[in-house]
Amino acid sequence: MSRRHELLAPGLRSPISRFCIIFAAALSICQPLARADTPVTVGGSFTLTAPDGTTVTDETYRGKWLLVFFGYTSCPDICPTTLSSIAAAIEELGPDAAKLQPLFITVDPERDTPEVMGSFTAAFDPRIVGLTGSPQQIAAVSEAYGAYGVARQGEAGGDDYLMDHGTHIYIMNPQGQFVEGLDSDTASSGISATLGELVR
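A quick note: this is a predicted structure, and the numbers were derived from the prediction, not measured.

1. Things to note about the pairing of strand β3 (residues 65–71)
Reasoning step 1: In terms of residue burial, β3 counts as a mostly covered element, since seven of its seven residues are buried.
Reasoning step 2: In the sheet, β3 pairs with strand β4 (residues 100–106) via seven bridges, with the strands oriented parallel. For V68, the partnering residue across the bridge sits in β4 and is L103.
Reasoning step 3: Of the crossover connections in this fold, the one passing from β3 over helix α2 (residues 78–93) to the parallel β4 is right-handed.
Reasoning step 4: Bridge analysis of β3 against strand β8 (residues 168–172) gives four bridges, and the strand direction is antiparallel. Following the sheet pairing, L66 is matched in β8 by M172.

This is the structure:
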């Protein structure tokens, strides 16, 4: 299977596609991320829901380095692989991992409830927090980060769909400012090495 799923088929009119199509414009502007030597507008305020049902915002995590990845729990390949690498990197950081908060934000809020997100991220590492929200909240945080999610309907219809989505891992400093971006296929050793330079 390719690293990116196919884009939404023309003429598709499912409810999830109507929500997700608003991110399609991001495909034309999405560029590989690199260390921010010049000011880069990535990130911003958000209001989302944690696995325990509580409301969290960007202010909730002030004082922590954030490792932010957008995906969805039904993802067949990219998300499980990336979260496994993030979990391994956290372990490799040792005590310095306490300075970090990894966040997994869904691009599929129709299926990814708080409970689903909590169970999914806990399977990789309980320190990874899965966040969801209303379609409007997910649209807002995705726009802020330049992330996107576009549905591709399966043959069976209904809930049988995959999401084409961005593959960047965003590193934000304790003040909520973008510092560096990594691609999702970065090995755990590369993630931990980059984080180690930043948090120590």
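2. Side note on the sheet that holds β3
Reasoning step 1: Read across the sheet, five strands follow the order β5-β4-β3-β8-β9 without closing on themselves; strand pairing throughout is mixed. With partners counted over all chains shown, the strands left at the sheet margins are β5 (129–131) and β9 (178–183), one partner each. Each strand axis lies, on average, 25 degrees off the axis of its neighbour in the sheet, ignoring direction.
Reasoning step 2: Two elements, β4 and β5, share three bridges in a ladder whose sense is parallel.

3. Structural notes on the side chain of D112
Reasoning step 1: Positionally, D112 belongs in the loop between β4 and α3 (114–122).
Reasoning step 2: Buried within the structure, D112 lacks any salt-bridge partner; its nearest side chain of opposite charge belongs to R111, at an N-O separation of 5.9 Å.
Reasoning step 3: A polar contact is formed between the side chain of D112 and the side chain of T106, at a distance of 2.5 Å.

Rules used in this analysis
- Within each chain, residue numbers correspond to sequence positions counted from 1 in written order.
- At least 70 in pLDDT is required for a residue's local features to be given in this predicted model, at least 80 for side-chain atom pairs to be given and counted, and no such filter applies to totals for whole chains, interfaces and linings, which use all residues.
- Computation of side-chain values: all heavy atoms of the structure, hydrogens and water removed.
- Relative accessibility decides the category of a residue: with a 1.4 Å probe and only protein chains considered, values under 20% of the type maximum give buried, values over 50% give exposed, and everything between is partly exposed.
- Numbered from the N terminus, helices here are DSSP runs of H or I no shorter than four residues, and strands are runs of E no shorter than two.
- When DSSP finds at least two bridges between two strands, those strands are taken to pair.
- Orient the strands so they point away from the viewer; a crossover is then right-handed if the path from the first strand over the helix to the second runs clockwise.
- A fitted line through C-alpha atoms represents every axis, and for helices the fit uses only the stretch in contact; the resulting angles, taken between N-to-C directions, go from 0 to 180 degrees.
- His is not counted, nor are the chain ends, whereas Lys and Arg count as positive and Asp and Glu as negative.
- In what follows, salt bridge is the name for a side-chain nitrogen of Lys or Arg lying within 4 Å of a carboxyl oxygen of Asp or Glu.
- Residues adjacent in sequence count toward polar contacts only when both atoms are side-chain atoms; beyond that, a polar contact is any pair of N or O atoms within 3.5 Å, and within protein one must be able to donate a hydrogen and the other to accept it.

By themselves, these observations are geometric and do not establish any function.
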